[in-house]
Amino acid sequence: EDKVVQSPLSLVVHEGDTVTLNCSYEVTNFRSLLWYKQEKKAPTFLFMLTSSGIEKKSGRLSSILDKKELFSILNITATQTGDSAIYLCAVGGGGSNYKLTFGKGTLLTVNP
Amino acid sequence: EPEVTQTPSHQVTQMGQEVILRCVPISNHLYFYWYRQILGQKVEFLVSFYNNEISEKSEIFDDQFSVERPDGSNFTLKIRSTKLEDSAMYFCASSPVGTGDHGELFFGEGSRLTVL
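Residues numbered from 1 in each chain as written. Chains lettered and ligands numbered in written order. Predicted model: local features only at pLDDT ≥ 70, side-chain atom pairs only at ≥ 80, totals over all residues. Heavy atoms only, no water.

Chemist: Describe the overall build of chain A, and please don't skip the residues or the numbers.
Modeler: Along the backbone of chain A there are 0 helices and 11 strands. Of the regular secondary structure in chain A, the N- to C-terminal order runs β-β-β-β-β-β-β-β-β-β-β. At 14 Å, chain A has a C-alpha radius of gyration in line with the 13 Å of a compact globule built from 112 residues. Counting only C-alpha atoms and orienting by the principal axes, one finds that chain A spans roughly 45 × 30 × 20 Å. Partitioning the contacts of chain A with sequence separation of at least 6, the portion at a separation of at least 24 is 55%. On chain A, roughly 5400 Å² of surface is accessible, and the fraction owed to carbon and sulfur atoms is 49%. (Helix = DSSP H or I, 4+ residues; strand = E, 2+ residues; numbered from the N terminus. Rg over C-alpha atoms; globule rule 2.2 N^0.38 Å. Contact = heavy atoms within 4.5 Å. Areas by Shrake-Rupley, 256 points an atom, 1.4 Å probe, with all protein chains shown as cover.)

Shown next as structure tokens:
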């Protein structure tokens, strides 16, 4: 069974801190790893990673994939209160061309 | 920016009633999905739909569930006889290509279903 494990499950930081969120996975025929941000309702897309060692960056957010060790990290620098959300990691693969398997998410709270 | 839209945003129903959740995917997307998220739990895959047929479904998607694309724009999820455990947020998603081709999913805002 495909598995996606995120850590920590929750994290409380102060504005300006840097955070690292982790996602490890076990999936056959890995195709891609995706990060989503879920605030009130819909998960919104952040990054898709398919190749090891290539950092994807968007503003203060960045992410990298290690296909040998089967994990990814999502970094957020200079956090702001607007970064407070659940961050979801999802993996495509496992013999499916259609399904994403999600982790439980990391609840990030950024206090002023 | 194009988006996936879902209606209703919240539906309350009695156990045993039929429910239809509606979605309008992004117009040039070819793959459509339903996921659900029970409160406090993971987002779970229900079904994918491509070329007017189900391409994959999970164990959750039993005979009580069905999907349909009745016209060129809508994509619906029907639950025939709702159970208490069907209470969840149901997300519709669409993508231009399948996840196997590295397609990212675009999610709607969700329809919260409460079964009493």
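Anyway, onward from the coordinates.
Chemist: A description of the sheet that holds strand E6 (residues 56–58) of chain A should follow, citing residues and the corresponding values.
Modeler: All names here are of chain A. Reading across from one edge, E1-E3-E8-E7-E6 is the order of the 5 strands in this open sheet, with antiparallel pairing throughout. In this open sheet, the two strands that pair with only one neighbour each are strand E1 (3–7) and E6. On average, adjacent strands in this sheet sit at an angle of 15 degrees to one another, irrespective of strand direction. The pairing of strand E3 (residues 19–26) with strand E8 (residues 71–76) spans 6 bridges and is antiparallel. (Pairing = 2+ DSSP bridges. Axes fitted to C-alpha atoms, helices over the stretch in contact; angles between N-to-C directions.)

Chemist: With reference to specific residues and values, describe the layout of surface pockets.
Modeler: Here the largest pocket defines a volume of roughly 410 Å³. Secondary-structure elements contributing two or more residues to the lining of the largest pocket are strand E10 (100–102) of chain A together with strand E5 (43–50) of chain B. For the second largest pocket, the lining is made up of 20 residues, of which Gln38 and Ile86 of chain A together with Gln37, Gly40 and Gln41 of chain B are closest to its centre. Those elements that place two or more of their residues in the lining of the second largest pocket are strand E9 (85–92) and strand E11 (106–111) of chain A together with strand E9 (88–95) of chain B. When the residues that make up the lining of the second largest pocket are grouped by side-chain class, the tally is 8 nonpolar, 6 polar and 6 charged. (1 Å grid on protein atoms, 1.4 Å probe; cavity = no way out; pocket = protein on both sides within 12 Å on 5 of 7 lines; lining within 4 Å. Points joined across faces, edges and corners; volume = space filled by probe spheres on them. Nonpolar A, V, L, I, M, F, W, Y, C, P; charged D, E, K, R; others polar.)

Chemist: Explain the packing of aromatic side chains residue by residue, including any values.
Modeler: This model, assessed by the stated rule, comprises 15 aromatic pairs over all chains. An angle of 80 degrees between the planes, with centres 5.7 Å apart, marks the rings of Phe102 of chain A and Tyr35 of chain B as edge-to-face. A residue pair is termed interchain when its members come from two chains, as with Phe102 of chain A in strand E10 and Tyr35 of chain B in strand E4 (residues 31–37). On the basis of relative accessible area, Tyr35 of chain B is assigned to the buried category, the value being 0%. Geometrically, the ring pair formed by Phe32 of chain B and Phe75 of chain B is tilted, given 5.5 Å between the ring centres and 40 degrees between the ring planes. With a gap of 43 residues between them, Phe32 of chain B in strand E4 and Phe75 of chain B in strand E8 (residues 75–79) connect regions that are remote in the sequence. (Phe/Tyr/Trp six-rings, centres within 6.5 Å; stacked < 30°, edge-to-face > 60°. Buried < 20%, exposed > 50% of the residue type's maximum accessible area, 1.4 Å probe, protein only.)

Chemist: Mind laying out the pattern of salt bridges, listing which residues take part and the relevant values?
Modeler: If charged atoms from side chains of opposite charge come close, those side chains can pair. Residues and elements named next belong to chain A. In total, this model carries 3 salt bridges over all chains according to the counting rule given. With its nearest N and O atoms 2.8 Å apart, the salt bridge here joins Asp83 to Arg60. Placement of the pair is Asp83 in the loop between E8 and E9 and Arg60 in the loop between E6 and strand E7 (61–66), with a sequence separation of 23 residues. (Salt bridge = Lys/Arg side-chain N within 4 Å of Asp/Glu carboxyl O.)

Chemist: Give me the interface of chain A and chain B: which residues, what numbers.
Modeler: If you look at the interface, chain A gives 21 residues, while chain B gives 23 residues. Together chain A and chain B conceal approximately 2000 Å² of surface at their shared face, both sides included; 61% is due to carbon and sulfur atoms. Contact with chain B buries area across many residues of chain A, yet Lys41, Tyr98 and Phe102 of chain A alone supply 33% of it, more than any other trio. For the interface between chain A and chain B, the tally reads 0 salt bridges. Linking chain A with chain B are 3 residue pairs in polar contact (both at pLDDT 80 or more), by the criterion used here. When residues of the side of chain A that touches chain B are traced back to their parent elements, those giving at least two are strand E4 (32–38), strand E5 (43–49) and E10 of chain A. The element best represented in the side of chain A that touches chain B is E4 of chain A, accounting for 4 residues. Taken together, the residues of the side of chain A that touches chain B break down into 11 nonpolar, 6 polar and 4 charged. (Buried area = accessible area lost by both parts, 1.4 Å probe. Polar contact = N/O pair within 3.5 Å; in protein donor to acceptor, adjacent residues only side chain to side chain.)

Chemist: Residues and numbers for the environment of Phe61 of chain B, please.
Modeler: Residue and element names in this part refer to chain B. Here Phe61 shows up in the loop between strand E6 (53–57) and strand E7 (65–68). The sequence separation of Phe61 and Trp34 amounts to 27 residues, and the corresponding C-alpha distance is 9.9 Å. Apart from the residues lying within four places of it in its own chain, the contact partners of Phe61 are Leu46, Val47, Ile54, Ser66, Val67 and Leu77.

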